[in-house]
Each structure stands twice: as C-alpha cells, then as structure tokens.
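Survey of secondary and tertiary structure
So you can see what is in the structure, the chains are spelled out below.
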Amino acid sequence: MSEIIHGQVTFLIVTLCCGMALVFGYEILRLLRWMFWHPGILTWIEDILYWAAVSVPVYCIFFIYNDGEIRWYGALMLVTGAWLYEKGISRPVRGALVKVFGSHKPSITGWIKKKRIKRKQNKTNKNDKQNKDNKHKKK
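Just so you know, these numbers come straight off a predicted model, no measurement behind them.

Rules used throughout
Residues numbered from 1 in each chain as written. Predicted model: local features only at pLDDT ≥ 70, side-chain atom pairs only at ≥ 80, totals over all residues. Heavy atoms only, no water. Helix = DSSP H or I, 4+ residues; strand = E, 2+ residues; numbered from the N terminus. Buried < 20%, exposed > 50% of the residue type's maximum accessible area, 1.4 Å probe, protein only. Phe/Tyr/Trp six-rings, centres within 6.5 Å; stacked < 30°, edge-to-face > 60°. Core = buried A, V, L, I, M, F, W, Y, C linked by side-chain atoms within 4.5 Å. Patch = residues over 30% accessible without salt bridge, like charges linked within 9 Å, V, L, I, M, F, W, Y side chains within 5 Å. Areas by Shrake-Rupley, 256 points an atom, 1.4 Å probe, with all protein chains shown as cover. Salt bridge = Lys/Arg side-chain N within 4 Å of Asp/Glu carboxyl O. Lys, Arg positive; Asp, Glu negative; His and termini not counted. Charge placed at Lys NZ, Arg CZ, Asp CG, Glu CD. pLDDT = per-residue confidence, 0-100.

**A few points about the environment of Gly 25**
Among the secondary structure elements, Gly 25 is positioned in helix α1 (residues 2-35). Judged by relative accessible area, which is 21%, Gly 25 ranks as partly exposed. Note: C-alpha distance between Gly 25 and Tyr 50 (25 residues apart in sequence) is 8.8 Å.

**Observations regarding the packing of aromatic side chains**
The final tally for this structure, using the stated rule, is 8 aromatic pairs. Ring centres 4.9 Å apart and planes at 80° place the aromatic pair Tyr 50 and Trp 51 in the edge-to-face group. Among the residues examined, Tyr 50 registers a relative accessible area of 15% and is labelled buried. Judged by its relative accessible area of 40%, Trp 51 falls in the partly exposed class. Following the ring pairs from residue to residue traces out a cluster consisting of Phe 11, Phe 62, Trp 72 and Tyr 73.

**So, the nonpolar core**
Judged by nonpolar contacts, Phe 11, Cys 18, Leu 22, Tyr 26, Leu 29, Tyr 50, Val 54, Val 58, Ile 61, Phe 62, Tyr 73 and Leu 78 together constitute the single largest core of 12 residues. Within the residue set of this core, elements represented by two or more residues are α1, α2 (40-66) and α3 (72-101).

**Looking at a positive patch on the surface**
A cluster of like positive charges, contributed by Lys 115, Arg 116, Lys 118, Arg 119, Lys 120 and Lys 123, occupies part of the molecular surface. Judged by its relative accessible area of 53%, Lys 118 is exposed.

**Some thoughts on the pattern of salt bridges**
Taken as a whole, this structure holds 6 salt bridges when the rule is applied. Of the charged contacts, one joins Glu 27 and Arg 94 as a salt bridge, the two residues approaching to 2.4 Å between their closest N and O atoms. With a gap of 67 residues between them, Glu 27 in helix α1 and Arg 94 in helix α3 connect regions that are remote in the sequence. Residue classification places Arg 94 among the partly exposed residues on the basis of a relative accessible area of 30%. One salt bridge in this structure joins Arg 33 and Asp 47, with 2.5 Å as the shortest N-O distance. You can see Arg 33 sitting in helix α1 and its partner Asp 47 sitting in helix α2, a full 14 residues away along the chain.

**A look at the confidence of the model for the protein chain**
Overall, the predicted model of the protein chain reaches an average pLDDT of 81, with 79% of residues at or above 70. Of all helices and strands in the protein chain, the one with the weakest mean pLDDT is helix α4 (residues 104-138) (65), whereas α2 scores best (90).

**Topic: the environment of Ile 64**
Tracing the backbone through its elements, the reader meets Ile 64 in helix α2. Relative accessible area serves as the criterion here: at 61%, Ile 64 is assigned to the exposed category.

Written out as structure tokens, the structure reads:
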C-alpha cells in the first residue's frame, strides 16, 4: 500500500515540476522573441511547435509514472506547476535572463543601425565625390 502511495506522490511531484519546466522553456522562447523581432505568423507557428514538442515529455511522464492513464490530478498538477512558476518565480527569473541575455538586444540593434548609417554615409560620400568630379570636368 505504501508503495502505491509513494508512486502517486512521486507522480504528483514530477508533474508539478514538469509544469514549472514547461513554462520556464516558454519563458526562454519569450526572451528570444524580445531579443529578435518576429512577425505574427511566425510567433503563432513557434507556439504550436513548442507546445507540440513539450507534449512528448508530458506524455512520457504520464506513461512512465501512471501506466499511460491521464488522471485529472496529474493534469491539475501540471497546470498548478505552471501557475506557481508564473505567479512565484517568473519575475525574478525573467529579470535574471534579461540581465544575462538582454544586453545583446541593444548591441544587435545598434550594430544594424550603425551599418545602415555607414551605408548612407558611403552613398552620400560617393555622390559628393561624383559631383565634385563632374564640376572639375566642366571647368
């Protein structure tokens, strides 16, 4: 009897942690979206692919720990784990991720802006040079 209870408690803890891990993975996806702009359709496709990919480990957990039966309390613990992550440690983790990876956002956009400005300057310099050459040829 205690072996059965131990197995169910283990199942509940694993599904709770799995729910937290799923939302943490989605947090990383959110960070990537923040760092690199995505059009709306690509965001939609990423969401579908992410949730389809994470359904595999969820299925494995239900299969291994509960003989493939989807019990309501297992699904409830997945949702509870996601909710606890979002309401509890999401903000500090998001802040830490932005501190670690977020510093790249300004440098990437800044690099692109510098390249655009350089191109414009090169074009104007070429045009100025051509105008000077044309003036000298006319004289």
